[in-house]
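# Structure assessment
The chain contents come next:
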Protein chains: 2
Amino acid sequence: MATIRDVAREAGVSTATVSRVYNGSSLVTESTTQLVMEVAARLDYWPNSAARSLITNRTYTLGVVLPDLFNEFFSEIIRGIDHAARARRYQIILSCFHDDSRELIAMAKSMRGRIDGLIAMAPDAGSAKVIANISRHFPVVLLNPGFQTKDCSAVSIANYDGARALTRHLLECGHQRIAIVKGPARNVDAEERLRGYRDALSDAGVNSDPSMEILGDFRQESGEQICADILRIRPRPDAVFATNDYMAIGLQSALLAHGVRVPEDIAIAGFDDISLAGYVNPSLTTVGIDAYGLGAKAVRRWFSDSGAGGARTQQEILPARLIVRHSCGGSRIDRISEEHQSNEQSGGSS
Amino acid sequence: MATIRDVAREAGVSTATVSRVYNGSSLVTESTTQLVMEVAARLDYWPNSAARSLITNRTYTLGVVLPDLFNEFFSEIIRGIDHAARARRYQIILSCFHDDSRELIAMAKSMRGRIDGLIAMAPDAGSAKVIANISRHFPVVLLNPGFQTKDCSAVSIANYDGARALTRHLLECGHQRIAIVKGPARNVDAEERLRGYRDALSDAGVNSDPSMEILGDFRQESGEQICADILRIRPRPDAVFATNDYMAIGLQSALLAHGVRVPEDIAIAGFDDISLAGYVNPSLTTVGIDAYGLGAKAVRRWFSDSGAGGARTQQEILPARLIVRHSCGGSRIDRISEEHQSNEQSGGSS
DNA sequence: TTGTATGCGTTATCAG
DNA sequence: CTGATAACGCATACAA
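One structure accompanies this document, and this report is about it.

Cut-offs used in this document
- Residues numbered from 1 in each chain as written.
- Chains lettered and ligands numbered in written order.
- Predicted model: local features only at pLDDT ≥ 70, side-chain atom pairs only at ≥ 80, totals over all residues.
- Heavy atoms only, no water.
- Near = heavy atom within 4 Å.
- Polar contact = N/O pair within 3.5 Å; in protein donor to acceptor, adjacent residues only side chain to side chain.
- Helix = DSSP H or I, 4+ residues; strand = E, 2+ residues; numbered from the N terminus.
- Nonpolar A, V, L, I, M, F, W, Y, C, P; charged D, E, K, R; others polar.
- Buried < 20%, exposed > 50% of the residue type's maximum accessible area, 1.4 Å probe, protein only.
- Contact = heavy atoms within 4.5 Å.
- 1 Å grid on protein atoms, 1.4 Å probe; cavity = no way out; pocket = protein on both sides within 12 Å on 5 of 7 lines; lining within 4 Å.
- Points joined across faces, edges and corners; volume = space filled by probe spheres on them.
- Pairing = 2+ DSSP bridges.
- Right-handed = clockwise from strand over helix to strand, strands pointing away.

Close to DNA strand D lie 26 residues; Ile4, Ser19 and Tyr45 of chain A together with Thr17 and Arg20 of chain B are nearest. Taken together, the sugar and phosphate atoms account for 64% of what DNA strand D places within 4 Å of the protein. Taking Tyr45 of chain A, its side chain carries an N or O atom lying 2.7 Å from a phosphate oxygen of DNA strand D. Contacts to DNA strand D include Arg52 of chain A, whose side-chain N or O atom sits 3.0 Å from a phosphate oxygen. If you list the elements that add at least two residues to the surface near DNA strand D, you get helix H1 (4–11), helix H2 (15–22) and helix H4 (49–56) of chain A together with helix H2 (15–22) and helix H4 (49–56) of chain B. Considering only residue class, the surface near DNA strand D consists of 12 nonpolar, 10 polar and four charged.

Right, dumping it as structure tokens:
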């Protein structure tokens, strides 16, 4: 492959001139610019960005480390990150990992020299020191951390507020015995949603009952399997808060198959407002979160932090929004827990 | 930040020795290895991989360029790519783009020096020369190209076969007037599915009728909006093949809201087998595709091509699988159009 | 306006 | 087994 030297030789100029042309230096004559561009095109010269960043110390690339998600939430976060990064002409190095904070630091290390900073979803509170270490090497913005940190900025989703508002809504609809399907252990989102549920109950003077808290894993199969557990509870709950929409839809489908009416016999609520939540029957009352906005905001925060005098310790929380549909009875009114953030969606494919 | 020189100086050895330690050279004494590791840890030394790849000419990174998808298909492909790459200790640079082949080559160029090869989903047949150009710089594997190429390998999904099998199934169920909801113009998947539908009809001696071909955009809103168009067709179709599940579910939901029974009045079929396809009511007859496998296979193909004597022009097609559920009537039997490929799914999060 | 020379952080080659 | 030194491809002070 042609290097800058090949182009310089072939064009009869110095490498410095070629470099200047490629960096848009105003010092170069129009005619030499033309010449260099022509030769470069002929040799099919592609500048080596690794070599460039070695000397400039900038890679125009952000590292992204996410757990191994596999649903809309994941792709929306990525889209948000990618769009916001692209708007600044930055690229993305992506890595998934599996719940281990040692793996997290290994990924960060392996990105050294190839990224200017990192957007990461930390696995759990145990990774706090790891994050502190990483952020000594480059600016980090955390997505939805489950812990407090003064080492870097973070952008979170209002899991707690959303779950609390939703539970309160169920109570207002007249439901008394509200069960919850929890998410996987040690999952930050799952823990916060559980906390919101418990606090809403205790606010209303309802004792939280361990037998009403059932373990799920955030997949629709788990919602389906849990159906039997729900129906076994005595006295039977009159509402179930499944802590994500996939489980809610799996559960609702199984209940209907058992002849249980939703919402008349049991109300069902979910969380996330996935794109199909309004299209199941009955349509799902849930909490809308802005995954796209989460990713986009994290990137914008990173740029703010990296600028002169960047704070590097901003903690932002994106609002969650109660979306009342038909699966819980009550009136069908969209309620906004906080201001709604619009996001720049775009067209798609299969 | 500490460099290899800092570590060498502090440890009283040469940079070559430090380098040898980090590259696992067997030539280094146990004691010096210990010493170097100790000093490196104390200085918090992270090797700069850009500098390393400048001389080794290897980045252990694959570029991934995908259109701006926003659903399960996208995240499954990424997961497949990431897992297969990680198994070889490779990383991923990800970029989304918007339908423009000039944008495609710009991304490829900007990755020069930072990747060893590329996995790309080409926008359309017009990008064939662009792909040819790129593959002169590093090995490329194409995902689902809509065109023939001898410049690189490709892995595709059997859109045509799947659509044809599905349409044949609708005919076998006794449906005569089968409408189709097409995907966006110039979309490769959409075109192939349409072709399969048309060929299945003509195989059965049914004239394809332009008024039965309705334009959609692969989003559930479009399925919903199209409901009115479907009901306006005279005589009314007795089945609708929506070329992806999102549109099928949107349409089904709208039809039910209009009091049209599915499948008694109109049968509905989809494509993709998204995770919720079995959980809507009635459950959706569709065609299952293996997006995870598509990504994983592309990466494996890339490694095969890059090895000694790699062919670099292999064309693979992943089978599509007819999945008969309840939305089209007929018997509920899972039929396999070709052998079923298992894929290594793993646990997840919100 | 252009060329020369140096260095970014690492690995590879060759002596020792 | 270890060290000195020349690359890798590029950008940038400085000189011309």
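The next subject is the protein's contact with DNA strand C. Taken together, 27 residues lie near DNA strand C, and Arg20, Thr29 and Ile55 of chain A together with Ile4 and Ser19 of chain B sit nearest. Within the backbone of Ile4 of chain B, one N or O atom sits 2.4 Å away from a phosphate oxygen of DNA strand C. Ser19 of chain B is positioned with one of its side-chain polar atoms (N or O) 2.6 Å from a phosphate oxygen of DNA strand C. Secondary-structure elements contributing two or more residues to the surface near DNA strand C are H2 and H4 of chain A together with helix H1 (4–11), H2 and H4 of chain B. At five residues, the largest contribution of residues to the surface near DNA strand C is made by H4 of chain B. Looking at the surface near DNA strand C, its residues break down into 13 nonpolar, 10 polar and four charged.

Take the side chain of Thr285 of chain B next. Residues and elements named next belong to chain B. Residue position: Thr285 is located in the loop between strand S9 (267–269) and strand S10 (286–288). Residue class for Thr285 comes out buried when judged on its relative accessible area of 0%. Once residues within four sequence positions are removed from consideration, Thr285 is found in contact with Leu166, His169, Ile268, Ala269, Gly270, Ile323, Val324, Arg325, His326, Ser327 and Cys328.

With that settled, the discussion passes to empty space enclosed by the protein. Left-over empty space is what a probe sized like a water molecule reveals as it rolls over the atoms. Across all of its chains, the model carries one cavity of 30 Å³ or more by this definition. Taken together, Ala50, Ser53, Thr59, Gly113 and Arg114 of chain A together with Ser49, Ala50, Ser53, Gly113 and Arg114 of chain B make up the lining of the largest cavity. Contributing elements (two or more residues each) for the lining of the largest cavity: H4 of chain A together with H4 of chain B. Looking at the lining of the largest cavity residue by residue, the classes come out as two nonpolar, six polar and two charged.

For the rest of this paragraph, the subject is the pairing of strand S6 (residues 178–182) of chain A. Residues and elements named next belong to chain A. Counting buried positions along S6 yields four of five residues, so the element is predominantly enclosed. With four bridges connecting them, S6 and strand S8 (residues 239–242) associate as parallel partners. Directly across from Val181, in S8, lies its bridge partner Ala242. By the bridge criterion, three bridges tie S6 to strand S7 (residues 213–215) in an arrangement that is parallel. The residue of S7 that forms the bridge with Ile180 is Glu213. For the segment spanning S6, helix H9 (residues 188–203) and S7, crossover handedness is right-handed.

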